[in-house]
Structure formats: structure tokens, C-alpha cells
Amino acid sequence: NSGAPDSKNIRVKLVLLGDSGVGKSCIVLRFVRGQFDPTSKVTVGASFLSQTIALQDSTTVKFEIWDTAGQERYAALAPLYYRGAGVAVIVYDITSPESFNKAQYWVKELQKHGSPDIVMALVGNKADLWTNREVPTQDGIDYAENNGMFFIETSAKTADNINQLFEEIAKRLPRPSS
Ligand code: GDP
Ligand code: MG
């Protein structure tokens, strides 16, 4: 049934949080443009990219993605950044236990100060670097489960699980009441 009348169009602000260098900008570029540029220094700017996906039930979800220009270094600025966000993607690097600790810090921060109905995803990125893994997959699974979050390991480099990440988030969004 592709009839438009009962289809829903959802628009949601999505922010990414996590240590500098874990791959937040690369995840966004992979999802929005299908690209991976290992040399790109910049973060997508001060900006804002958007991407729409369609779910099987004909719901469309437009993600308005706010990539930080390094504000993640300044914890005091974070509330401005995640204010009004319906989705927070909290990213760590599976080769970096420090980044996993930082991810847990962000989860707590959002639990305290984020919107109460925010959908949170925990992402272990750089899964292609599994030979250098220092954060066991099970640690991510356990932490996410204990905090009511969705968990996935991704690689922005190989594209592994990038689309799945956004699809799973889309499925978990609260549906507007009709
Ligand atoms: P950000 O500071 O969190 O936005 O991190 P970036 O997206 O700028 O990525 C930081 C570095 O990690 C860059 O050199 C990327 O090329 C690299 N990187 C990002 N994602 C991956 C990945 O999935 N695998 C590998 N091997 N490197 C990645
Ligand atoms: Mg960045």
C-alpha cells in the first residue's frame, strides 16, 4: 500500500557525540554521500546535512544531521548542540578504550540533560580495525542494554552497518500521533 494518505513524514534533529577522531564526520559523509575520504581533515563545517530514508511502512524519516566542528572538545558547549535533538548517536572507536569511556560520559550527560524521549544509539566505529580491537563487542552490547540504547558496530571506511545504523534509529523514533 503506497497510498500517500496514511504515510507519515517525520523530521528529526540528529546529533553525534564522542571523542574527536572516532569517525563521526566520516559516518555522516558515508551515510549522506556514500563516500569515505581518509584525507579529509575537516569536519563538515559548522553544518548541517540532511538525508531522508523511507521505511517499509511508507514512513519517511528526514534526518537533520548536525556535525560538530570540534565542539566535542568543549563540554560546556554541548547543551547548545544537542538541544532539541530527537536522536543522539554516541560514537566510540573500537581500538580506543578511552573513547569508550568518553561515550559513557556522553550517555550520562544526555540522560541528565537531554530531551526525555531522545533516541540514543551507541556506535562502535572503525570495526574494520578489528585486528587492533581493544573494546570487546560484548562490552558495547552490555552497556547499551543496561542503558536502553540501540547498539551497533560500524565502519565508515568499508560502509559496514552504516545504513543499518540509521534504519534502526528510524524504526525506533516515536511516531507522530494522528
Ligand atoms: P571525528 O573527529 O569524530 O569527526 O572523526 P573523523 O570522521 O574526522 O575521522 C577521524 C579519523 O578516523 C580520520 O582519519 C578518518 O579517516 C578515520 N576514520 C573514520 N572512520 C573510520 C573507520 O570506520 N575506519 C577506519 N579505519 N578509519 C576511520
Ligand atoms: Mg568531525
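Throughout, a residue's number is its position along its own chain's written sequence, starting from 1. A letter from A marks each chain and a number from 1 marks each ligand, given out in the order of writing. In keeping with the model being predicted, local features are shown solely for residues with a pLDDT of at least 70 and side-chain atom pairs are shown and tallied solely at 80 or more, while totals for entire chains, interfaces and linings include all residues.

Draft legend 1. Highlighting the pairing of strand β5 (residues 119-125). Once C-beta atoms are placed from the backbone, each residue is buried if 20 or more other C-beta atoms lie within 10 Å of its own, exposed if 12 or fewer, and partly exposed for counts between those two. Counting from the N terminus, the helices are DSSP H or I runs at least four residues long and the strands are E runs at least two residues long. Extensive coverage of β5 is indicated by the burial of 7 of its 7 residues. Across the two faces of β5 the burial is the same, with Val119, Ala121, Val123 and Asn125 and Met120, Leu122 and Gly124 all buried. By the convention used here, strands pair only if DSSP detects at least 2 bridges between them. Direction of pairing for strand β4 (residues 87-93) relative to β5: parallel, over a ladder of 7 bridges. Paired with Val91 across the two strands is Val123, which belongs to β5. As judged from the 4 bridges shared by β5 and strand β6 (residues 150-153), these two strands associate in the parallel manner. Residue pairing for β6: Ala121 is matched across the bridge by Phe150.

Draft legend 2. Representation of the nonpolar core in the model. When buried Ala, Val, Leu, Ile, Met, Phe, Trp, Tyr and Cys residues are joined through C-beta atoms within 7 Å, the set is termed a nonpolar core. Grouped together as the largest cluster of nonpolar side chains are 44 residues, with contacts concentrated most on Ala88, Val89, Ile90, Val91 and Ala121. Where this core is concerned, the elements lending two or more residues are β1 (9-17), α1 (24-33), β3 (60-66), β4, α3 (97-113), β5 and α5 (162-172). Per-element accounting of this core gives the leading share, 6 residues, to β4. What counts as a contact here is a pair of residues whose C-beta atoms, placed from the backbone, lie within 7 Å. Not counting the four nearest positions on each side in its chain, Ile90 is found in contact with Leu17, Gly18, Ala103, Trp106, Val107, Met120, Ala121, Leu122 and Val123.

Draft legend 3. Examining the site of ligand 1 more closely. Surrounding ligand 1, one finds 16 residues, the nearest of these being Gly23, Lys24, Ser25, Cys26 and Lys157. Looking at which element gives the most residues to the shell around ligand 1, the answer is α1, with 3 residues. Tallied by class, the residues present in the shell around ligand 1 amount to 5 nonpolar, 7 polar and 4 charged. By convention here, the C-beta atom is placed from the backbone, and a residue is near a molecule or strand when that atom is within 6 Å of it. Residue type decides the class: Asp, Glu, Lys and Arg count as charged, Ala, Val, Leu, Ile, Met, Phe, Trp, Tyr, Cys and Pro as nonpolar, and the leftover types, Gly among them, as polar.

Take it as geometry only, folks, not as evidence of what the structure does.
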